[in-house]
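What the coordinates show
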Amino acid sequence: MAFLNWHFRSEVLDFTCAVHVILPQENAANTSSRRAKKYPVLWLLHGMSDDHTTWMRRTSIERYATSAGIAVIMPSAGLSWYQDMAAGAKYGTFLREELPRVGQSIFPISSARKDNFIAGLSMGGYGAFLLALSQPERFAAAASLSGALNVAASVHGLDKQWQQIVKSAFGDPDKVSGSKSDLLYLAKNLVRSGKSTPKLYACCGSKDFLLRQNHVFVTHAEKIGLPLTYEEHSDKSHEWGYWDQQIQRVLEWLPIPSNKKP
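I will try to describe carefully the structure that is included in this document.

1. Re the packing of aromatic side chains
Under the defined criterion, the tally for this structure stands at twelve aromatic pairs. Seen from their ring centres, Trp6 and Phe8 are 4.5 Å apart, and the 20 degrees between their planes marks the pair as stacked. Taking relative accessible area as the criterion, Trp6 reaches 9% and is therefore assigned buried. We classify Phe8 as buried; its relative accessible area is 11%.

Below is the structure:
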């Protein structure tokens, strides 16, 4: 694998953004063949208080991606909650449009839906489902690890710092429920649309403070007929040991060629 710390000037964000990239490398002698190969790609999102470096620092994602034969792109999105902020940068547009366009023009990654996957933890788990449910034509699968899957229920937190984060990212907290920031709303609309839905996987620990949000989403998915694989793990909490374990599970679960049985 090759690891790159990629920086480029974003026209959408209007500043230089940082992205970590893991790319497969092959030892084939045919250079032209290597150049023509487009790899499947996992867009991997961080949680609150983290950035594009955290997956590389806190897990063995590079080693796991090597075994899977998949590229991994890890952008930094601040506290945007992976959307165009009410008072901040347009991270949603950046992630939906600019980053994949620029990334596919520079790196040997596939643009085909069947080869594009997205995953994240906590805030990033919300972001993974947000992007997959709003762009089902782009992603074949999405995974949430300890994700905030019912964020509309938590926007009215009493902590002043949390209130400021909510207002900066979402705007009026009273308008989150039933909006394009609400995963329950997006899921229901997607099922009603009749469009092909991405494969969805979610997991959470039994001692995680976001467990209730995961239960709400799972119940909602069952009610509306949204296919979802959900796993709950006893005595696991909101921590990196669990996520290092579960990202391996996600890579095994993804519908990539290396996972297909002969």
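2. Things to note about the layout of surface pockets
Of the pockets and cavities examined, the largest pocket occupies roughly 340 Å³. What lines the largest pocket is a set of 17 residues, and nearest its centre among them are Leu130, Leu133, Ser134, Lys180 and Leu186. Those elements that place two or more of their residues in the lining of the largest pocket are helix 5 (123–134) and helix 7 (183–193). It is helix 7 that contributes the most residues to the lining of the largest pocket, five residues altogether. Taken together, the residues of the lining of the largest pocket sort by class into eight nonpolar, five polar and four charged.

About the cut-offs
Residues numbered from 1 in each chain as written. Predicted model: local features only at pLDDT ≥ 70, side-chain atom pairs only at ≥ 80, totals over all residues. Heavy atoms only, no water. Phe/Tyr/Trp six-rings, centres within 6.5 Å; stacked < 30°, edge-to-face > 60°. Buried < 20%, exposed > 50% of the residue type's maximum accessible area, 1.4 Å probe, protein only. 1 Å grid on protein atoms, 1.4 Å probe; cavity = no way out; pocket = protein on both sides within 12 Å on 5 of 7 lines; lining within 4 Å. Points joined across faces, edges and corners; volume = space filled by probe spheres on them. Helix = DSSP H or I, 4+ residues; strand = E, 2+ residues; numbered from the N terminus. Nonpolar A, V, L, I, M, F, W, Y, C, P; charged D, E, K, R; others polar.

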